Amino acid sequence: MMNNSLKMKSFSVSLLQKSSLRSLFHLPHHPRTIAQLLFSPFVISESKTTVPYIPQPYNLLKSEISGVSSDIQTTIKEHPSTLLLFYNDFLLPTIGFRHFCSQPLVAQPQPQTSDGLTVDDIVANNRWQILEETASDWKSHAASIAQSIQLIKKRLQWKQLVVRLDTLLMELNKPNLWDDPVHAGKISREHGLLMGKMKEVNGFERELLDHIDMLKLAREENDNELELESMKALLKMRRTAKEKELEALLSGEQDSCSCFIEVQAGAGGTESMDWASMIMQMYKMWAQRCGYGVTVVDEMCGDIAGIKRATIKVDGEYAFGYAKAEVGVHRLVRISPFDSAKRRHTSFAAVAVTPILGDASSRVKINESDLQIERFRSGGPGGQHANTTESAVRIVHIPTGVTATCQNERSQHLNKAMAMSVLQSRLDQLELARQAQVNAQYTQSLTEISWGNQIRTYVLHPYRMVKDLRTNYEVSDPDSVLEGDLDGFIMSFLSASIDKDENNL
Amino acid sequence: MILNFFPCLIRYSIFTPLPLFFKHQNLLPLSCSINFIKPISSSSSISAKTIQVPLFLKPPIYSTTILELKKFQNWAKSLSLSIGLKFLNLDNGPESNLLCRELNWLLEDVVEGEEDNPTGFLTLGCSENERLVRMRVEMEELYDLWKQRIEERRPFQYIVGCEHWRDLVLSVQEGVLIPRPETELIVDMVEELILKDKEMKQQGVWVDLGTGSGALAIGIGRLLGNEGRVIATDLSPIAASVAAFNVQRYNLQDVVEIRMGSWFEPLDEFKGKIVGLVSNPPYIPSGDIAGLQAEVVRHEPKLALDGGADGLDDLLNICKGAASFLKPGGFFIFETNGAKQSKYLVNFLNIQMEGSFQYVNSVSDFAGIHRFVTGFRK
Ligand SMILES: C[S@@+](CC[C@H](N)C(=O)[O-])C[C@H]1O[C@@H](n2cnc3c(N)ncnc32)[C@H](O)[C@@H]1O
């Protein structure tokens, strides 16, 4: 009977990659633990208690998820309060059931090998030298992995993570938590997310130490086969660890969001406006390369060439996480094509980036009555008198004075809807800045970016190079950069800005 | 084919004031006055034949290289840039920025590209120049279309055969007024009303007088959903066919019915039963017509624009009809030429037609012009 109910719904392992799944719902390897997933509010909690109608709790030891199928995702959407219980590859049929029993898992002792070695020990004093992968030296692999783990922890801002998790846990254990379901949902979602991250790293650390133990054992017992196997596993971990380093760069709460990118020409007339449009083109091409969707939201053209300002919407995972590295002033040095005397000119363009928050509950609520909606660039009697394809609107949020315009949609209705979404993200960003939840430098709006805040220089004459003033990263081929090859700049900035902060570990 | 319509037209002399009568002379034969109104079924073969399919719906059976398209783009762009502020200063026409934007949209409609970035290939480097792209018109015609836009001031919407209006893409062609952005707000107001008052949605029929491309009727039909019923009327056979085509495209043939005839004339059976009445009738004073922007005066139908000496002929007609056709509590909203007409109408509805209406108001558009008059039948 038990088996039947367990097998009621088997599901395929494919839809979500195992790794992303782990970070979503990392489940404990703790014996005697039943993993429970409670959605909307999305909570991952653990329990040593057994679910009442499963007769043999011991059958459920060491539950592990290895995939989430699309039909389960549908279930989650349709029955938001359903408890999903997994056993091996099976989804157990359960009904709405809430259980919270969160123990402070956070303050765990640092994991060690059987002879007391920790990851920190391995990295400290370069105990084991890191060689090329091809050197096939297990100590080198292990050291490289340990180093990655440290870097990942740093990038995840480990200390803050631990503190935050404690705070969240305290909140979660309050008996009146569910009096405010929206807040509760937010808290439990964040808890689930951070917990997932923490466990992923801890699990990875544990895995490394287990392999080290295994290797030592294999050597003691001259078990070649085991040694070879562990070597392979370590090499694989070493490669995964490198990928995880990159992933960890984008662990900010808004990083996974889509975003708006805005460019504004600096002083200097046509020359600067032309530069602004080159920069905008660079971002369009960058976004296209990344496979993001690009929509022009708003564009104010220069009188002769280029743009005064423009906004594009970049749709896709981690668009904000990457694009935020571009916030600031970009400087161009070249012989101006607009100067008949062929003199060298320096022009500036400012870039701002706004995340589009996916989670509706964290968005600022806008009151209709606080809005003033105007036809943009209107004139004349309008109505039947005029035939025009210009249907831009400007929305002013009266209490804050924040405005948004959209003119590139083909109907007024859609222009208004797009302007509203721009306004929404500006107000969200304002609110985030107020709560100081994100690093202040990314939350600057265009008007706040000071022209002194130069982040990168592009020189086309007398020599050719692009150099980031924050990281000193530079390349000698401006054309490729202007065609959207920005990854080097973005990555070096992201790692530099996070890794140099000693407080993060 | 249009001729087939004529026998089933129109007994419009009763409602139609004289100037309007003359205005119609060249459009309609004056002989017929048959009281039989045939609803235009959208599946009828008649409508299909008079309709011009918008570019974006045509099959992509032509092809050209990216290089050729770039050449066209450059040519068309410099033609547009050469206009500068000329049209704007002349008659409030489009300036070159706007023309350039239209050019992009034309390319979007004509070229078969990727969905979220249809003209993205135009920014590709030279190495892609020889790549073929599929097109919905021939290259030669494309040049011709842009020449018409600039040299003849043919409205962009007639060139591409459609107008994006609210969240709709409506087919339009010569002979049918291109719906204006201001008019979108009528649907917003109706939406607000039926959200507040469910009865307005279920208890009775909605009517759009002078439906043109069907914009208002379709917008409202979509709000009402399957339980709703909208009757849209127009005097112009082309408008009626285009409206029917658009209704069909949005699969609303069971909700929106198009009838040909003058204002309330085809609606006899609904006297006292209409729960909501919308109209954007011709309201431009006859004397202003000649001075309108070239796109309008040279290309759009006079029948859709000319509202008689002070532009109020049709509006007053409709106001009077509203008193007998709306059911008690029924709602109306009319578009006007602006403050002067709105003020006049508010006054007219409150005083001349005393006792018929309540909560009569004028409402502004996004440019701050008193564009609409709204109210309820007592
Ligand atoms: C300004 S257009 C409005 C079209 C459409 N409702 C819109 O908003 O886009 C006026 C419409 O009224 C129609 N019309 C003019 N005289 C009419 C009459 N006597 N009876 C019915 N419709 C008439 C015209 O054919 C035209 O389609």
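In this text the structure is predicted, and so the values were computed from the model without any measurement.

What counts as what
Residues numbered from 1 in each chain as written. Chains lettered and ligands numbered in written order. Predicted model: local features only at pLDDT ≥ 70, side-chain atom pairs only at ≥ 80, totals over all residues. Heavy atoms only, no water. Phe/Tyr/Trp six-rings, centres within 6.5 Å; stacked < 30°, edge-to-face > 60°. Helix = DSSP H or I, 4+ residues; strand = E, 2+ residues; numbered from the N terminus. Buried < 20%, exposed > 50% of the residue type's maximum accessible area, 1.4 Å probe, protein only. Lys NZ or Arg CZ within 6 Å of the ring centre and 35° of its normal. Domains from an automatic or database assignment. Contact = heavy atoms within 4.5 Å. Buried area = accessible area lost by both parts, 1.4 Å probe. Salt bridge = Lys/Arg side-chain N within 4 Å of Asp/Glu carboxyl O. Polar contact = N/O pair within 3.5 Å; in protein donor to acceptor, adjacent residues only side chain to side chain. Nonpolar A, V, L, I, M, F, W, Y, C, P; charged D, E, K, R; others polar.

A.B. asks: How would you explain the packing of aromatic side chains if you had to name every residue and give the values?
C.D. replies: Tallying each qualifying case throughout the model produces 13 aromatic pairs over all chains. With 4.9 Å between their ring centres and 75° between their planes, A:Y473 and A:F489 make a pair best called edge-to-face. With A:Y473 in the loop between strand 15 (465-468) and strand 16 (474-475) and A:F489 in helix 13 (residues 487-499), the pair connects residues that are 16 residues apart, well separated along the chain. Relative accessible area serves as the criterion here: at 31%, A:Y473 is assigned to the partly exposed category. Here A:F489 falls in the buried class, since its relative accessible area comes to 1%. Both rings, one in B:F332 and one in B:F334, keep their centres 5.0 Å apart while their planes meet at 20°; by these two values the pair is stacked. The two residues B:F332 and B:F334 agree in class, both being buried. Members of the aromatic cluster, each reached through a chain of ring pairs, are B:F72, B:W75 and B:Y143. Between the NZ or CZ atom of A:R470 and the centre of the ring of A:F493, over which it lies, the distance is 3.8 Å. Its guanidinium or amino end placed over the ring of B:F87, B:R153 lies 4.1 Å from that ring's centre, counting from NZ or CZ.

A.B. asks: Break down the domain arrangement of chain B for me, citing the residues and quoting the values.
C.D. replies: All names here are of chain B. Taken as a whole, chain B is organised into domain 1 (54-151) and domain 2 (181-377). Centre-to-centre, using C-alpha coordinates, domain 1 lies 35 Å away from domain 2. Contacts between domain 1 and domain 2 engage nine residues on the former and seven residues on the latter. Both sides of the domain 1 and domain 2 interface together cover about 480 Å² of buried area, and 49% of this is carbon and sulfur. It is L57, D91 and R149 that lose the most area in domain 1 upon contact with domain 2, and together they represent 58% of the buried surface on that side. A salt bridge links E295 to R149; the nearest nitrogen and oxygen atoms lie 3.0 Å apart.

A.B. asks: So what about the environment of B:Y250? Which residues, and what values?
C.D. replies: Residue and element names in this part refer to chain B. Relative to the assigned elements, Y250 resides in the loop between helix 11 (237-249) and strand 9 (256-260). Sequence separation of Y250 and Q148 is 102 residues, and the distance between their C-alpha atoms is 30 Å. With residues up to four places along the chain from it excluded, the contact list for Y250 reads D167, L168, V169, L170, I218 and R222.

A.B. asks: Lay out the pattern of salt bridges with the relevant residues and their values.
C.D. replies: This model, assessed by the stated rule, comprises 40 salt bridges over all chains. A salt bridge links A:E171 to A:K174, with the nearest nitrogen and oxygen atoms 3.1 Å apart. For A:E171, a relative accessible area of 22% translates into the label partly exposed. Residues A:E262 and A:R309 are paired through a salt bridge, measuring 3.1 Å at the closest nitrogen-oxygen approach. Of this pair, A:E262 sits in strand 6 (residues 258-265) while A:R309 sits in strand 8 (residues 307-315), and the two are 47 residues apart along the sequence. Residue A:R309 is classed as partly exposed on the basis of its relative accessible area of 25%. The network of salt bridges with shared partners includes B:D91, B:E102, B:R149, B:R153 and B:E295.

A.B. asks: Explain the interface of chain B and chain A to me, and be specific about the residues and the numbers.
C.D. replies: The interface is formed by 48 residues belonging to chain B together with 34 residues belonging to chain A. When residues of chain B are sorted by the area they lose upon contact with chain A, B:R101, B:W105 and B:F366 head the list and together hold 22% of the total. Taken together, chain B and chain A are joined by 22 residue pairs in polar contact (both at pLDDT 80 or more). Mapped by element, the contributors of at least two residues to the side of chain B that touches chain A are helix 5 (96-110), helix 7 (156-160), strand 5 (162-165), helix 8 (184-196) and helix 13 (294-299) of chain B. Grouping the amino acids of the side of chain B that touches chain A by side-chain chemistry returns 21 nonpolar, 10 polar and 17 charged.

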